[in-house]
Amino acid sequence: MFSFCFCFADRDILSMKWMTLSDQLDDSFTSPDEKIVPLNRPDRGGTLTIKNAKLRVNHFPVRFNPEGTIRHYDVEVKPEEVQKDGRALRLSKSNLRMIRDKLFSDDPRHFPLSMTAYDGEKNIFSAVPLPTGHFKVELPDGEDICPRAYIFSIKLVNELKLCRLKDYLTGNLFSIPREVLQGMDVVMKENPARSMISAGRTFHSRNSHPDDELGHGIRASRGFQNSLKPTFQGLTMCLDYSVLAFRKRLPILDFLKEHIQGINFNDFRRFRRDAERALKGLKVTVTHRITKQKFTVSGLTKENARRLTFLIEDLDAANASSPTEIGLVEYFWHKYQKDIVYKDIPCLELGKGDRKNYVPMELCVLVEGQIYPKEQLDKKAAIFLKRMSLARPDVRESTINNMVRGIDGPCSGDIISNFGMEVDTNMTSVVGRVIGPPELKLCNNSGAAIRVPVDKEKCQWNLVGKRVVDGKSIDRWAIVDFSAADRQRLNPTQFISSLIARCKNLGMPMADPLFCEASSMHMFSNTDALHELLESLNDQAYELSHARLQILVCVMSGKHPGYKNLKWICETRVGLVTQCCLAYHANEGSDQYLANLALKINAKLGGSNTELFDRFRFLEGGGKVMFVGADVNHPASRNTTSPSISAVVATMNWPAANRYAARVRPQCNRVEKIMNFGDMCLELVESYARINKVKPQKIIIFRDGVSEGQFEMVLNEELLDLKRAFHSINYNPTVTVIIAQKRHHTRLFPESQRDGGFTGNVSPGTVVDTKIVHPSEFDFYLCSHYGSLGTSKPTHYHVLWDEHGFTSDQLQKLTYNLCFTFARCTKPVSLVPPVYYADLVAYRGRLYYEAVVEGHSPASVGSTISSTTSSSTSSSTSLDDRFYRLHADLENDMFFI
């Protein structure tokens, strides 16, 4: 068995490789075959600490036989007879597994099930050689899948040598053997895949607990997700627990009773719409015959069961040439001896297109494992599910350990041992370091700068008796009260006086508003009227003050989908900075709420709330620095037409580095590469130069949302695009590229109370850069925030490219300190602010798209853009970046805070 052994490459060799790649980027942009690879770690990890913390991590060491081989087979399953319409039959994963299981059970000597792992689609991995060729599989009558005979084709495509993974882990192979890891990962998932509900990448138990009931035919389920990771200590399995809401496996009528309050089957017409909405798209099985086949509900029949008839060949086959009409109730009695009880309600329409079947509801059962969308849960159920997902660290750790060791877990059974693999079911122990928090700069009541230490436990600070560093005077502001016609309306006199007083206390002199315009929430539903109102308010303010309105406070009685229209019109058409708030909170006027409102307003107006007192010492003296954040927002997984939205933000000041400008662009659906990365960054550099009279000499980029498999794209496409854009104006700053990942499953658990905080989480500033990190590349885990709820998730930072020669200590301290500069709160955030802001801007771009597609008319788009008909709006505007370009008055403001 191979466990681990890793040696660092010689530093001189790394330096030579560094210079070669730097020359390649800056000078030649040579052959596309010369791929840039991620940077190696510059040292043996950081040493900076105020205390060490003993931690357990949900990485479980995996031992494997480096002499072993996993055989990779490609499989194809087709019906023996071609379908009449000539179309290829698409088989579900469950049916493919059923066919695979039948082939293997018919010939276990040649197809040993326990020696293979199947991904449910095209790939089988085997520990022993398998026969290749074409094999006929006939399903028994009990398996009611049509057709019954299939050709199972199997072809050897690769022999995966596990010694390649050993070489990678020991530093003798530079490129990760992804095929080997993929095969081993499928092996690790095979046992749960056979016995548990598979939902996306997670596995959930088929058993339910009474305490997990959410009502309405829905239950909460604890599951897990596991994957293999090459780490400094060797190969590990990372397993984390997850929570989903499932529809229960219930007879359809029972589901409707639970899901629709007060449903009465004797008066079904009253509930038809709710029933059809609840059932459409769900998968069901039937009980009138022995079958495992799953059907999709396409709707309800127009007629009730009693009145449904159809043509059929004579059931006794005596007169097969003349079809006869038969009632559905009679058919089910004659064919299946089923007496339909609920004759006066519709039947389910099962199937698609012309191949629909009509089946009485009482003979249908919901298939287990169907996810119920979290956003559709009622308030009580949503709170319950959230509490379950926010498990305390000790509860989460115990649950993970039980899942790893469970009979349905990835380590049970004989499958992984047959492949020469073994998992240590104890979590990895590691020593983390806690980095000390920075001291912050605020001002006292006389306006003098003061040094402010943060709270030792939570690393938070308060604004009592303090002022912001640079508070902007607010002379030209106004209120539009959309709550004026509602019961929950604003008390303008009280709100205005309270807000002015709080802003003044924070060092932001605020005059009375120019006006307070009464409006209504109905305005949000009429885009043209809303646009006209906002234009008139802007004009009114200009007439009164002869200058641009600094900010418009928009008071709403509640959340409204028309919020996106307001933001799109103000930020891309009119050029208004807005601050929205709810009338309830504005009237309540708590000190904390008004302070948060004031911090947002000050940031939007270009002020500075909090700064680092000592700033970034090791970056000073070598020219100005710009921090860049980049992210892409994708539409929902089933949406194949809406664009993805890319966003890039960058700091516009130095050395405070806390004021950002943003650019947002649409791009093709679900494309992760930022298509205009170089141009967007160049725009921001030019804005920086206009403000500071000089371009930044150093650029540090934090990129969000990419997985390890996309690192090459970031380096060889986005980074090169950036370099080419800079090269076009003869501009050559030094660049560092860091990936920030939140979508991972690594969790840190303190071994004892002294190793963490009061809530059982790790302390803010906890860094791990040994054992669980990459075998050779430059990455680290940082938990920068205080975990008050659930289990803290650290951010995983992976340095791909570095022309500044950062040490581990320097980059970890830089990243942690930046987390204290987020403008709208008084605590460190969990994600470095450039990425946090880029995420906010990308989401704002998503709102712009929805506003354009759902609500605009040619009038609201403006004269500069040709009008489009509503039917073609989506296709013609989704990738037209004129709909997303910020108004010139806002493009360097933090409007997105």
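Residues numbered from 1 in each chain as written. Predicted model: local features only at pLDDT ≥ 70, side-chain atom pairs only at ≥ 80, totals over all residues. Heavy atoms only, no water.

Selection rule: UniProt positions are given in the numbering used here, feature names are shortened, and annotations may be inferred rather than shown by experiment.
An unreviewed UniProt entry lists the protein under the name Protein argonaute 2, from Linum tenue. You can read under Sequence similarities (unreviewed entry) in the UniProt record for the protein the words "Belongs to the argonaute family. Ago subfamily."

1. Description of the overall build of the protein
Let me state the cut-off plainly: Think of it this way: any DSSP run of H or I at least four residues long counts as a helix, any run of E at least two long counts as a strand, and we number them from the N terminus. In this treatment the radius of gyration is a C-alpha quantity, and the globule benchmark scales as 2.2 Å times the residue count to the 0.38 power. Any two residues having at least one pair of non-hydrogen atoms within 4.5 Å are treated as being in contact. Note on areas: Shrake-Rupley, 1.4 Å probe, and residue coverage restricted to the protein chains presented here. For the purpose of charge, His is not counted, nor are the chain termini; Lys and Arg are scored as positive and Asp and Glu as negative. Charged groups are reduced to one reference atom each: NZ for lysine, CZ for arginine, CG for aspartic acid, CD for glutamic acid.
The secondary structure content of the protein amounts to 21 helices and 38 strands. For 897 residues, the compact-globule estimate of 2.2 N^0.38 gives 29 Å, and the C-alpha radius of gyration of the protein, at 31 Å, lies within 12% of that figure. Considering only residue pairs separated by 6 or more positions, the protein has 73% of its internal contacts joining residues 24 or more positions apart. Put simply, the protein shows about 39,900 Å² of open surface, and 48% of that area lies on carbon and sulfur atoms. Averaging the locations of the 114 positively and 104 negatively charged side chains of the protein gives two centres separated by 3 Å.

2. Structural notes on the layout of surface pockets
In this approach, a probe sized like a water molecule rolls over the atoms, and the result shows the empty space that is left. Test applied: The way it works is a 1 Å grid over only the protein atoms, where trapped points that fit a 1.4 Å probe form a cavity and open points with protein on both sides within 12 Å along at least five of seven lines form a pocket, and then any residue with an atom within 4 Å of a point lines it. Grid points are joined across faces, edges and corners, and a volume is the space filled by probe spheres set on the points. Note that Gly is not counted as nonpolar here; it falls among the polar residues with everything else outside the nonpolar set of Ala, Val, Leu, Ile, Met, Phe, Trp, Tyr, Cys and Pro and the charged set of Asp, Glu, Lys and Arg.
Of the volumes computed, that of the second largest pocket is approximately 840 Å³. Together, 25 residues line the second largest pocket, and Lys559, Tyr563, Gln579, Cys580 and Lys600 are the ones closest to its centre. For the lining of the second largest pocket, the elements supplying multiple residues, two or more each, are helix H13 (563–574), strand E28 (578–582), helix H15 (591–604) and helix H19 (833–855). When its residues are assigned to classes, the lining of the second largest pocket shows 13 nonpolar, 4 polar and 8 charged.

3. A word on the state of the cysteines
The cut-off we apply is this: Only a pair of cysteine sulfur atoms within 2.5 Å counts as a disulfide in this structure description. A simple rule labels every residue: compare its accessible area, found with a 1.4 Å probe on the protein chains alone, to the largest value its type can have, and call it buried under 20%, exposed over 50%, or partly exposed in between.
In total, this model carries 0 disulfides according to the counting rule given. Left unpaired, Cys581 is separated from the closest cysteine sulfur, that of Cys580, by 7.5 Å. Overall, Cys581 belongs to the buried group, its relative accessible area being 4%. For Cys668, which is in no disulfide, the shortest distance to another cysteine sulfur is to Cys681 and amounts to 19 Å.

4. So, the UniProt feature "domain: Piwi" (unreviewed entry) in the protein
Per the UniProt record, "domain: Piwi" (unreviewed entry) is annotated on residues 551–850. Across residues 551–850 one finds 31% helix and 24% strand; the C-alpha atoms that close the span lie 24 Å apart.

5. Side note on the packing of aromatic side chains
Quick note on the threshold: Aromatic pairing here means that ring centres of Phe, Tyr or Trp (its six-membered ring) are within 6.5 Å. Orientation follows from the plane angle: under 30 degrees is stacked, over 60 is edge-to-face, and everything else is tilted.
This model, assessed by the stated rule, comprises 24 aromatic pairs. Taking the centre distance of 5.6 Å and the plane angle of 90° together, the rings of Tyr331 and Phe332 count as edge-to-face. When its relative accessible area of 15% is taken as the criterion, Tyr331 is described as buried. Relative to Tyr797, the ring of Phe702 lies with its centre 6.4 Å away and its plane at 80°, an arrangement referred to as edge-to-face. Pair noted here: Phe702 is in strand E33 (residues 698–704) and Tyr797 is in strand E38 (residues 795–802), with a separation of 95 residues, a long-range link. For Phe702, a relative accessible area of 0% puts it in the buried group. Given the relative accessible area of 0%, Tyr797 is considered buried. Ring-pair connections join several aromatic residues into one group, and the members of that group are Tyr660, Phe822, Tyr836, Tyr837, Phe895 and Phe896.

6. Some words on the packing of helix H12 (residues 527–545) against H13
Helix-helix packing is characterised by the crossing angle of the two axes and by the distance between the axes. What counts, and what does not: Interaxial angles span 0 to 180 degrees and are taken between N-to-C directions of axes, which are lines fitted to C-alpha atoms, for helices over the stretch in contact. Should an angle fall under 35 degrees it is taken as roughly parallel, and over 145 as roughly antiparallel, whereas 65 to 115 is taken as roughly perpendicular and any remaining angle as oblique. A crossing counts as left-handed when the near helix is turned anticlockwise from the far one by less than a right angle, and as right-handed when that turn is clockwise.
Running from N to C, H12 and H13 point in directions that differ by 50°, and their axes come no closer than 10 Å. When the axis of H12 is compared with that of H13, the two are oblique. The hand of the H12/H13 crossing is right-handed. On H13, the residues that touch Thr527, Leu530, His531, Leu534, Glu535 and Asn538 of H12 are Asn565, Leu566, Ile569, Cys570, Arg573 and Val574. Tallied by class, the residues present in the contact of H12 with H13 amount to 6 nonpolar, 4 polar and 2 charged.

7. Some words on the confidence of the model for the protein
Let me state the cut-off plainly: Per-residue confidence from the predictor is reported as pLDDT, which spans 0 to 100.
Predicted confidence across the protein gives a mean pLDDT of 92, with 92% of residues reaching 70 or more. Low pLDDT, under 50, characterises residues 26–30; the stretch is placed with 10 contacts to residues that sit more than four places away or in other chains.

8. Side note on the sheet that holds E33
Filter applied, for reference: Two strands are counted as paired when DSSP detects at least two bridges linking them.
Taken together, 11 strands build an open sheet; the order of strands is E32-E31-E30-E33-E34-E38-E37-E36-E22-E1-E35 and the sheet is mixed. The strands lining the two open edges of the sheet, one partner per strand, are strand E32 (660–667) and strand E35 (748–750). Between one strand and the next, the sheet's axes are offset by a mean angle of 30°, whatever the strand orientation. By the bridge criterion, 6 bridges tie strand E34 (residues 734–741) to E38 in an arrangement that is antiparallel. Of the residues in E38, the one forming a bridge with Thr736 is Asp802. Docked against the sheet, helix H17 (residues 711–727) engages E33, E34 and E38, running at close to 145° with respect to E34.

9. Describing H12
Keep this limit in mind: To estimate the expected span of a helix, count its residues, drop one, and scale the result by 1.5 Å. When we speak of the arc, we mean the arc of directions from the helix axis to the C-beta atoms. Under the rule applied, a polar contact is a pair of N or O atoms within 3.5 Å (in protein, one hydrogen donor and one hydrogen acceptor; residues adjacent in sequence only if both atoms are side-chain atoms).
Here H12 is 19 residues long and its end C-alpha atoms lie 27 Å apart, about the 27 Å a rise of 1.5 Å per residue gives. Taken residue by residue, H12 has Thr527, Leu530, His531, Leu533, Leu534, Leu537, Asn538 and Ala541 as its buried positions. Down the axis of H12, the sector holding all buried residues measures 165°, keeping them to one side. Those residues of H12 that are exposed and angled more than 90 degrees off the buried face are Glu532 and Glu543. The N-terminus of H12 is capped by Asn526, whose side-chain oxygen sits 3.3 Å from the backbone nitrogen of Asp528.

10. Quick notes on empty space enclosed by the protein
With the rule as written, the count across this model stands at 2 cavities of 30 Å³ or more. Computed from the structure, the largest cavity encloses a volume of approximately 60 Å³. Lining the largest cavity we find Ala603, Gly607, Ser608, Asn609, Thr610, Asn658, Thr821, Phe822, Ala823 and Met894. The class makeup of the residues in the lining of the largest cavity is 4 nonpolar, 6 polar and no charged. Taken as a whole, the second largest cavity encloses approximately 40 Å³ of empty space. If you trace the second largest cavity, you find it lined by Phe677, Ile701, Arg703, Val714, Glu718, Leu719 and Val737. Secondary structure elements with two or more residues in the lining of the second largest cavity: E33 and H17. Classifying every residue of the lining of the second largest cavity gives 5 nonpolar, no polar and 2 charged.

11. Structural notes on a positive patch on the surface
Convention followed: Only residues whose relative accessible area exceeds 30% and that form no salt bridge are eligible for patches; like-charged ones are grouped when within 9 Å, while nonpolar side chains (Val, Leu, Ile, Met, Phe, Trp, Tyr) are grouped when within 5 Å. Salt bridges are identified by distance alone: a Lys or Arg side-chain nitrogen within 4 Å of an Asp or Glu carboxyl oxygen.
A contiguous patch of positive charge on the surface is contributed by Lys283, Lys294, Lys352 and Arg638. Counting through the fold element by element, Lys294 comes out in the loop between strand E13 (283–286) and strand E14 (295–304). Its relative accessible area of 41% is what places Lys294 among the partly exposed residues.

12. Digging into the sheet that holds strand E7 (residues 149–161)
The strand order across the open sheet built from 5 strands is E4-E5-E3-E7-E6, with neighbouring strands paired in antiparallel fashion. Whereas interior strands pair on both sides, the edge strands pair on one side only; in this sheet they are strand E4 (116–118) and strand E6 (133–138). In this sheet, adjacent strand axes meet at a mean angle of 30° when their direction is disregarded. Sheet analysis places E4 next to strand E5 (residues 123–126), joined by 3 bridges and oriented antiparallel. Bridge pairing in E5 places Ala117 opposite Phe125.

13. Observations regarding the pairing of E13
One face of the sheet, then the other: side chains in a regular strand alternate in exactly this way. For E13 and E14, the ladder comprises 2 bridges, and the chain directions are antiparallel. Following the sheet pairing, Lys283 is matched in E14 by Thr296.

14. Thoughts on the nonpolar core
The criterion, for reference: Throughout this description, the term nonpolar core refers to a set of buried Ala, Val, Leu, Ile, Met, Phe, Trp, Tyr and Cys residues connected via side-chain atoms within 4.5 Å.
Grouped together as the largest cluster of nonpolar side chains are 150 residues, with contacts concentrated most on Trp477, Phe495, Phe627, Tyr797 and Tyr837. If one sorts the elements of this core by residue count, H19 sits on top with 10 residues. Grouped together as the second largest cluster of nonpolar side chains are 49 residues, Leu181, Phe203, Ala220 and Ala245 included.

15. A closer look at the pattern of salt bridges
Enumeration according to the criterion identifies 49 salt bridges in this entry. Its salt-bridge partner being Lys189, residue Asp185 comes within 2.6 Å of it at the nearest N-O pair. With Asp185 and Lys189 both in helix H4 (residues 178–195) and 4 residues apart, this pair spans about one turn of that helix. Like Lys189, Asp185 is buried. For the salt bridge of Glu258 with Lys248, the shortest nitrogen-to-oxygen distance reads 3.3 Å. Remark: Lys248 occurs in the loop between strand E12 (234–247) and helix H5 (252–259) and Glu258 occurs in helix H5; sequence separation between them is 10 residues. A cluster of three or more residues bridged by salt bridges with shared partners is formed by Arg663, Arg665, Glu683, Asp881 and Arg885.

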